[in-house]
Amino acid sequence: MGRVSGKVAIVTGAARGIGRAQAIRLAEEGADIIAVDLCAPVETVVTPPAIIDDLDETARAVEAAGARVVTAVVDVRDGAALRAAVDAGAAELGGLDIVCATAGISSSGAALELTEQQWQTMIDINLTGVWQTCKAATPHLIERGSGSMILTSSIAGLRGLVGVAHYVAAKHGVVGLMRSLAKELAPHSIRVNTVHPTNVDTPMIQNDMVRKVFRPDRENPTREEFAEAAVTMNMLPIPWVEPVDIANAALFLASDEARYITAVTLPVDAGSTQR
């Protein structure tokens, strides 16, 4: 216990899913949390959005773990608002040590059939939003003289996938951003890495749209029918991993156990990228 005791972490996309799991795991191991989420619909996304009640539930779970928490409803596309939220949270909690840039969206469509809005919104949130998060947080880490950034990419950041070219492009971009930041920030003892999940059991995949992509042979695929198809993506015989699996990887990368690990792409993918 206490692997990140006394540290402060910002987590974007903290209202649910991977972001919530990261906030809770870091809190359980001693970190105070700045929890950020949009808590509103995104124009090109058909899956149900997180809401403020979800972010409040994350905050309650963090507090139940014995940590302090500051929440902010912020769009990661809005650099000024994000910087204000990071600055305010760091001032209240006493600095910043860990960055989990996790906020992201999904949508689908053949590469040449995507609308310009679908493409741009994906890049703006899943890539530029990660850059905005890092940009807002970096001055605080430099002031600290150390830190760890964990950028959430995907198996789509390491391989091509059909029907999500904009998502693949954004997630590959996150890897490039990580590699450059790792070089630029190493003199400040700031480490930067990416994690690459396979399918994760969150609302991002557990919805009618994604299930129908995996099971076009079913009019209304069930969770079980979806799982039958999803298991074929992975080397291990599971359809998806849990949010806590990604959170545990982030915790490791944030902790002193990974003190000399930087510029690494860490798959948490049940072998998917090697299948």
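Placed above this text is the structure.
Fair warning: this is a prediction, and the values are worked out from it, not measured in the lab.

About the cut-offs
Residues numbered from 1 in each chain as written. Predicted model: local features only at pLDDT ≥ 70, side-chain atom pairs only at ≥ 80, totals over all residues. Heavy atoms only, no water. Helix = DSSP H or I, 4+ residues; strand = E, 2+ residues; numbered from the N terminus. Rg over C-alpha atoms; globule rule 2.2 N^0.38 Å. Buried < 20%, exposed > 50% of the residue type's maximum accessible area, 1.4 Å probe, protein only. Polar contact = N/O pair within 3.5 Å; in protein donor to acceptor, adjacent residues only side chain to side chain. Contact = heavy atoms within 4.5 Å. Pairing = 2+ DSSP bridges. Axes fitted to C-alpha atoms, helices over the stretch in contact; angles between N-to-C directions. Expected span 1.5 Å × (residues − 1). Arc of directions from axis to C-beta. Core = buried A, V, L, I, M, F, W, Y, C linked by side-chain atoms within 4.5 Å. Parallel < 35°, antiparallel > 145°, perpendicular 65-115°, else oblique. Left-handed = near helix turned anticlockwise from the far one by under 90°. Nonpolar A, V, L, I, M, F, W, Y, C, P; charged D, E, K, R; others polar. Salt bridge = Lys/Arg side-chain N within 4 Å of Asp/Glu carboxyl O.

Draft legend 1. Structural view of the overall build of the protein chain. Assigned secondary structure in the protein chain consists of eight helices and seven strands. In summary, the protein chain has a C-alpha radius of gyration of 18 Å against a globular reference of 19 Å for 275 residues, a match within 12%. Dimensions of the protein chain, computed from the C-alpha atoms along their principal axes, are close to 55 × 40 × 35 Å. Burial analysis of the protein chain (275 residues in total) assigns 54% to the buried set.

Draft legend 2. Geometry of the side chain of Ser107. Looking at the element boundaries, Ser107 is found in the loop between strand E4 (98–101) and helix H4 (116–144). Separated by 2.8 Å, the side chains of Ser107 and His166 make a polar contact. The residues touching Ser107, leaving out its near neighbours within four places in the chain, are Thr44, Met122, Val164, His166 and Met209.

Draft legend 3. The arrangement of the sheet that holds strand E3 (residues 69–73) in detail. Strand order in the open sheet formed by seven strands is E3-E2-E1-E4-E5-E6-E7, and the pairing between neighbours is parallel. In the strand order of this sheet, the two ends are held by E3 and strand E7 (265–268), each with one partner. Neighbour to neighbour, the strand axes of the sheet diverge by 15° on average, direction disregarded. One ladder, built from five bridges, connects strand E1 (residues 8–12) with strand E2 (residues 32–37); its direction is parallel. Bridged to Thr12 within E2 is Val36.

Draft legend 4. Region of interest: helix H3 (residues 79–93). Here H3 spans 21 Å end to end across 15 residues, near enough to the 21 Å set by a 1.5 Å rise per residue. For H3, every residue scored as buried is listed here: Gly79, Leu82, Ala85, Val86, Gly89, Ala90 and Leu93. Buried residues along H3 cover an arc of 125° about the axis, so they all sit on one side. Looking at H3, the residues exposed on the side facing more than 90 degrees away from the buried face are Ala91 and Glu92. Directly beyond the C-terminal end of H3, a positive phi value near 95° is found at Gly94.

Draft legend 5. Examining the nonpolar core more closely. Among the nonpolar cores identified, the biggest contains 43 residues, and Leu96, Met149, Leu151 and Val192 are the most heavily contacted of them. Core analysis: the next-biggest nonpolar cluster, separate from the first, contains 33 residues, Leu55, Val241, Ile246 and Ala254 among them.

Draft legend 6. Looking closely at the packing of helix H1 (residues 17–28) against helix H2 (residues 52–64). Packing of H1 against H2 leaves a shortest axis separation of 9 Å and a crossing angle of 15°. Taken together, H1 and H2 sit at an angle that is classed as roughly parallel. When you trace H1 past H2, the crossing you get is right-handed. Residues Arg20, Ala23, Ile24 and Ala27 of H1 touch H2, and the partners they reach there are Asp54, Glu57, Thr58, Ala61 and Val62. Taken together, the residues of the contact of H1 with H2 break down into five nonpolar, one polar and three charged.

Draft legend 7. Here's a closer look at the pattern of salt bridges. If you walk through the whole model with that rule in mind, you get 13 salt bridges. A salt bridge links Glu28 to Arg25, with the shortest nitrogen-to-oxygen separation between them at 2.9 Å. Here Glu28 and its partner Arg25 are both found in helix H1, three residues apart, which amounts to about one turn of the helix. Taking the relative accessible area as the measure of exposure, Arg25 reaches 15% and is therefore buried. Between Glu43 and Arg77 there is a salt bridge; the shortest N-O distance is 3.1 Å. A residue pair is termed long-range when its members are at least 10 positions apart, and Glu43 in the loop between E2 and H2 and Arg77 in the loop between E3 and H3 qualify at 34 residues. Three or more residues are tied together by salt bridges with common partners; here these are Arg215, Asp217, Arg218, Glu225 and Glu228.

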